[in-house]
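# Close look at the chain arrangement
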Amino acid sequence: MNRTLDKLRRRGPRLALVASALLVAAGLSAPAALAADDYTQSVTQLSSTQLQLNFTPTTPAVYVDVHYTGVPGVGQQNVRMTNGSGTWRTTVNGLSTGNTLDYWFTYEKSGPQYDTPHFTFTVGGSSTTVAAPTFSPPGGTYSAAQTVTISSATSGATIRYTVDGSTPTASSTLYSGPISVPNSRTVNAIALKSGSTTSPVSSASYTIGTQAGCPTQSDTPNFGSNVRIFDPSMSAATIQAQLDTDFNNQKDTLTAQFADRRVAHLFKPGTYNNVHDNVGFYTSVAGLGQNPGDVLINGDVTVDAFNASDNGVALQNFWRSAENLAVVPSGGQERWAVAQAAPFRRMDVRGGLQLYPASYGFASGGYIADTKVAGQAASVSQQQWYTRDSQLGSWNGGVWNMVFSGTSGAPANTFPNPPETTLATTPVSRDVPYLYVDGTGKYRVFLPSLRTNASGPSWANGSTPGTSAPMSQFYVVKSGDTASSINNALAAGCNLFFTPGIYHLNQTLNVTKANTTILGIGYPTLVPDNGVNAMQVSDVDGVRLKGLLFDAGTTNSQALLTVGQSGSSASHASNPTTVQDVFFRIGGAIAGKATNSLIVNSANTIIDHIWAWRADHGNGGTVGWTTNTADTGLVVNGANVLATGLFVEHYQKYQVIWNGQGGKTIFFQNEMPYDVPNQASWNAPSGVAGYAAYKVGANVTSHEAWGLGSYCFFDTNPAVSSYHAFEVPNNSGVKFHSLLSVSLNYRGTITHVINDTGGVTPSGTVPVNVVSYP
């Protein structure tokens, strides 16, 4: 029988169900699970006659079978469960109050399959879920070890917990009294009670003392000459003079777009009258309050088509940001006419927001998060846009692809006419870490909490939930720092605060400690030299990367940023790594080369607004098919990875390859490479014409995406074509919603939108839309 089972396993998961049923019928079993944290399981009572069985494996499974008895008049059932976002589910019908269901699971893990112990559930009259555990004291930063009490509001519930970052199960350590937290760690817990559905996982992260070994840094650091810090006591004229000087240096698309100058404008808490900050290239504007309303600007923070050479369009308004401010616009309307890599975060706009140039010229798409706009947000000429966890008075406009998640005031889901895709909530999100000044004048970095099924700004009902860390735990990276000095700080347990500048790296930056925060302002740019990979993050909990620009060096790097080692499988659901406002550039400034820009191996990683760009224009000698070479912008191997705001353009093979199970993408914007010399240079290994922009691996059984657009502009050779923009396995667990393809100015064609579905791109820069697939 075991030999027969091995043969059936090799022939695929469908026959494995037959094999597991044969084993059960013969009174035999697959090997018992090797680890207690392999899975969590629960029962949801849907009605007095219907239950839903749920099984979530820690390691993504190719298949999960459930076996059960206890349905009146029905013998043992052996059912292949259905996967949805990493959780496998089956509905059991025909029950009555008082029936007891006996059930157990067979699941695949990295090839072999295993059986769980038996579980029971007694049907009641209504669904009851055990209250999630709470922690006292709550997670946060403490100067000394803590004694933590865990409790559930459900009387009679037992609690199981872990302290190693793993997901707790019914076999985890039983909570019997207060536990000691002597050093930094994450505590996860569930509450269980017989006859009730197990609670959701609760999590609390504790930072004890400073990061281990980090030499104490200043709480009022010198941020260097490229950081301007403004105070309400300064005259408006003095502030305006500095803003104007910086803008004149940073505004010109022809001379500043690929220059080395970087700058940050930081406003301390208070009110600023008649301040007008025109935001040029590589400029970050941010408030230093703990919440947006702590810094009020009566004036403007503006991006427009500023230069005569722009010809009224904003298609190259890259690399600039605004964050954590309240603005009362001088004319009632704020203008933020940007293209890629220009986030608008944690903003309180007390008026309207215009996302297009004053000329009504084209703009190429952008990103809003955790923001409140009192009036109307109008996109008008924006080709695509993504808005997350925000509150709008209303929305107007849409060219090809407007996407919203967790945003009140967003338009209804009407794709493709008008082209609006709206999700009521964002599945998982965590606002960015940010610098602020506390009441004593010391600098701190706020670390917002994880949110699930979020809607609206994190600060809508008061302060953003989370914890903060003092600057004494941050090494401030400034001009003169080397890869060696930065690595020494990381090894000592410090967080990093990158100030504006260009940083050449002759060795990989190694981020090995859990809960490390790396925060940049003013577009600090990391350039790997001699072919090294710029940064490697270990497969640990809670690393936060924000506000960095990786610029490929002239010797090819295999990857610019890698999150997790190859083969990483640990769950980080309660405390994921976040990659936010992190941008990648191949060419443009220098003739850069990198095989991949971002590789994600760690499970549960949140990719929240990246732009991976192989340059189509730039300084002389930095752009060309054999000059700035790069295969792929993003490779995802980790399970349950979420991308919110994914911009990837012009790579020479697949733009995105997604191999991990349970992935989700909300908003994807892509242009295929402009400079393909001929069809032979662009054909995929499978023999089809061209490389898909977004390829889901053939073995993936669970993936879902909303609001995706891919455009071709084969300008060098318009005879070039791609067979499809999206290439995915055909199964019910892989689902795409609201997707399109466009041929810009009819330079080349895309034959289908996804697999064999969707027509060839027509002339006239007209989209081909697919509402859903399959």
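Residues numbered from 1 in each chain as written. Predicted model: local features only at pLDDT ≥ 70, side-chain atom pairs only at ≥ 80, totals over all residues. Heavy atoms only, no water.

We now examine the overall build of the protein chain. Counting its secondary structure elements, the protein chain contains four helices and 58 strands. Compactness check: the protein chain gives a C-alpha radius of gyration of 27 Å against a globular reference of 28 Å for 774 residues, within 12% of the reference. Counting only C-alpha atoms, the protein chain reaches 80 × 65 × 50 Å along its principal axes. Split into buried and exposed, the 774 residues of the protein chain put 59% on the buried side. Of the accessible surface of the protein chain, which amounts to about 26,100 Å², a share of 49% is contributed by carbon and sulfur atoms. (Helix = DSSP H or I, 4+ residues; strand = E, 2+ residues; numbered from the N terminus. Rg over C-alpha atoms; globule rule 2.2 N^0.38 Å. Buried < 20%, exposed > 50% of the residue type's maximum accessible area, 1.4 Å probe, protein only. Areas by Shrake-Rupley, 256 points an atom, 1.4 Å probe, with all protein chains shown as cover.)

This part takes up empty space enclosed by the protein. A probe as big as a water molecule, rolled over the atoms, marks out the empty space that is left. For the structure on display, the rule yields four cavities of 30 Å³ or more. Estimated volume of the largest cavity: approximately 210 Å³. Along the walls of the largest cavity sit 23 residues, with S284, E323, G520, I521 and K546 positioned nearest its centre. Among the elements of the structure, β21 (283-287), β23 (320-329), β33 (434-437), β41 (517-520), β44 (544-551) and β46 (578-586) are those that each provide at least two residues to the lining of the largest cavity. No other element matches β21, which puts four residues into the lining of the largest cavity. Residues belonging to the lining of the largest cavity are distributed by class as follows: 13 nonpolar, seven polar and three charged. Taken as a whole, the second largest cavity spans an internal volume of roughly 70 Å³. Lining of the second largest cavity is provided by P57, T58, P60, A61, N83, G86, W88, N640, Q661, G662 and S702. Counted by class, the lining of the second largest cavity contains four nonpolar, seven polar and no charged residues. (1 Å grid on protein atoms, 1.4 Å probe; cavity = no way out; pocket = protein on both sides within 12 Å on 5 of 7 lines; lining within 4 Å. Points joined across faces, edges and corners; volume = space filled by probe spheres on them. Nonpolar A, V, L, I, M, F, W, Y, C, P; charged D, E, K, R; others polar.)

Looking now at the layout of surface pockets. In this structure, the second largest pocket occupies an estimated 500 Å³ of space. Every residue lining the second largest pocket is counted, 21 residues in all, and those nearest its centre are L315, Q383, E671, Y674 and L744. Residue classes in the lining of the second largest pocket are distributed as ten nonpolar, eight polar and three charged.

Once that is clear, we can look at the state of the cysteines. A covalent bond between the sulfur atoms of two cysteines is what we call a disulfide. In this structure the tally under the stated criterion is one disulfide. Note on cysteine connectivity: C214 is disulfide-linked to C494, with sulfurs 2.0 Å apart. Handedness here is read from the sign of the S-S torsion; for C214 and C494, about 95°, the answer is right-handed. On the criterion of sequence distance, the pair formed by C214 in the loop between β17 (202-208) and β18 (227-230) and C494 in the loop between α4 (483-491) and β38 (495-498) is long-range, its members being 280 residues apart. C494 matches C214 in its accessibility class, with the two residues each being buried. (Disulfide = S-S within 2.5 Å.)

Next up on the list: the pattern of salt bridges. Per the stated rule, a full pass over the model turns up 17 salt bridges. Here R335 and D304 are joined by a salt bridge, their closest N and O atoms 3.9 Å apart. With R335 in strand β24 (residues 333-335) and D304 in the loop between β22 (295-302) and β23, this pair connects stretches of sequence that are 31 residues apart. Given the relative accessible area of 15%, R335 is considered buried. (Salt bridge = Lys/Arg side-chain N within 4 Å of Asp/Glu carboxyl O.)

A few words on the nonpolar core. Of all hydrophobic cores here, the largest spans 78 residues; its most connected members are M535, L561, Y694 and F736. Excluding anything up to four places from it in sequence, L561 contacts M535, V537, L545, F550, V579, V582, F584, S597, L598 and I599. (Core = buried A, V, L, I, M, F, W, Y, C linked by side-chain atoms within 4.5 Å. Contact = heavy atoms within 4.5 Å.)

What follows covers α4. All of the buried residues in α4 are A483, S485, I486, N487, A489 and L490. G493 sits one or two positions beyond α4 and adopts a positive phi of about 95°.

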